[in-house]
Amino acid sequence: MATFRKIGVLTSGGDAPGMNACVKAVVHRAKEQGIEVVGINGGYAGLIKGDLVDLTSEKVANIIGEGGTVLYTSRCPEFKTEEGIGTAVKTCRDNGIDALICIGGDGTFRGATDMTFHGVPSIGVPGTIDNDITATDYTIGLDTSINTAARLIDNLRDTNESHDRCGVVELMGNECGQIALYAAIASGAVACAIPERPFDEDAVIRRIFARRAAGTRSTIVVVAEGLKTPEGTPYSEAFYKKIKALGIQAKFFRAAHVIRGGRPTVRDRVTAARMGNRAVECLVNGESNLVVCEEDGKITTMDIAFALIADRMYKNKLKEGDLDRFTPEQIDRMKAICEKRRTEIAALYATVEHIAQ
Ligand code: ADP
């Protein structure tokens, strides 16, 4: 058991609905343990500037259902420098912050690792709508974003139906197609193009023509933002231009950041609360440099270094020597995690295709 008097919590990288519910859970679980919580405004930039706010139960009383992050967020390249991290560590020392909980994506977890190795034990919590962290089945924000996306596409479908149009919808997700896949299934899209799977453009175009010939007026194609043309431009726009050129009436819709906002769903609030609780418990148990995960519905933890290398393995971005410090059993476990993710993506993709027939 480690004894902490005060811990810090920050949100960093892209914001995600549910981050506030996580902050609230951290404050309450820590209070139960007699630990004070200080919020760091604006992620690692706030740690460097010393932009802190005491988080009492009263302060977090009404934030559980709010979108965005009340602690604000930022990208902070300065934190990656020795000087930047030195200042961040000094802020912790000067303000009696014994440990940190860092809510964000894999960049944020790298920062948490750096803080741990500079003497401030830190825990990462996955908060990003993209669900692109290989270690965990789920990241806080996904459910809200796909619900928002599905509602937006429903609206689009209404007007498409009136006008006899095909809607090409681009959805966020970084290099991960999960948001696009879930939204495509939920909205009955005719196809979904994602970075992880080959996309048979000609077959989809034939499908669109066949639907139209059969009298269906409204058609939706969802494209993940991470899918690019060989030239590196968004495939979504290229596909839209292509079908227009073929004489199909079409509209292009980039949902962009709109699906990042809004009140978090119950799924996101509950997962955020469970993960926030677990992060505090890890610190109290003397654990650090872990990322809180959801695996098969259970809240678990994984070493951040292991999680980041598993992520590189999944993305085929392993560098020489990356696996040297891991045992064969650990490497097998990484492979299993990657395979699980691939299987899930394949199953979602197959569902889109079944629904489209
Ligand atoms: P996300 O956490 O959503 O992946 P970013 O990649 O932008 O978002 O990372 C958020 C912040 O985490 C960065 O602005 C930076 O302050 C910190 N960070 C990112 N990468 C590293 C790294 N390699 N080492 C230390 N800190 C990092």
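Residues numbered from 1 in each chain as written. Predicted model: local features only at pLDDT ≥ 70, side-chain atom pairs only at ≥ 80, totals over all residues. Heavy atoms only, no water.

Draft legend 1. Representation of the domain arrangement of the protein chain within the structure. According to the domain assignment, the protein chain consists of domain 1 (6-141 + 264-304) and domain 2 (142-261 + 344-356). Here the C-alpha centre of domain 2 lies 34 Å away from the C-alpha centre of domain 1. With 17 residues of domain 1 at the interface, the matching set in domain 2 holds 14 residues. Taken together, both faces of the contact between domain 1 and domain 2 bury some 1,200 Å²; the carbon and sulfur share is 52%. Of all residues in domain 1, Ile129, Asp130 and Asn131 give up the largest surface area on contact with domain 2, accounting jointly for 42% of the area buried on that side. (Domains from an automatic or database assignment. Contact = heavy atoms within 4.5 Å. Buried area = accessible area lost by both parts, 1.4 Å probe.)

Draft legend 2. Fine view of the site of the ligand. Residues in contact with the ligand amount to 15 residues; listed here are only the nearest, Arg75, Cys76, Gly105, Gly107 and Thr108. Isolated, the ligand exposes 550 Å² of accessible area, and the fraction of that covered by the protein chains is 80%. Looking at the shell around the ligand, the element that brings in the most residues is helix H4 (residues 106-117), giving 6 residues. Considering only residue class, the shell around the ligand consists of 3 nonpolar, 7 polar and 5 charged. (Near = heavy atom within 4 Å. Areas by Shrake-Rupley, 256 points an atom, 1.4 Å probe, with all protein chains shown as cover. Helix = DSSP H or I, 4+ residues; strand = E, 2+ residues; numbered from the N terminus. Nonpolar A, V, L, I, M, F, W, Y, C, P; charged D, E, K, R; others polar.)

Draft legend 3. Main features of the packing of helix H7 (residues 201-213) against helix H8 (residues 235-245). At a minimum axis distance of 12 Å, the contact between H7 and H8 shows a crossing angle of 50°. With respect to H8, the element H7 is oriented oblique. Judged by the sense of rotation from one axis to the other, the crossing of H7 with H8 is right-handed. The segment H7 lies against H8, with Glu201, Val204, Ile205 and Ile208 engaging Tyr235, Phe239, Lys242 and Ile243. (Axes fitted to C-alpha atoms, helices over the stretch in contact; angles between N-to-C directions. Parallel < 35°, antiparallel > 145°, perpendicular 65-115°, else oblique. Left-handed = near helix turned anticlockwise from the far one by under 90°.)

Draft legend 4. Here's a closer look at the sheet that holds strand S6 (residues 166-171). On the basis of which strands lie adjacent, the open sheet formed by 4 strands has the order S7-S8-S6-S9 and parallel pairing. Either end of the sheet is taken by a strand with one partner, and the two such strands are strand S7 (191-193) and strand S9 (250-254). For this sheet, the mean angle separating the axes of adjacent strands, direction not counted, is 20°. In this sheet, S9 lies alongside S6 in parallel orientation, the contact comprising 5 bridges. In the sheet register, Gly167 faces S9, and the bridge partner there is Lys251. The strands that H8 touches are S6, S7, strand S8 (219-224) and S9; relative to S9, the one it contacts most, it runs at about 170°. (Pairing = 2+ DSSP bridges.)

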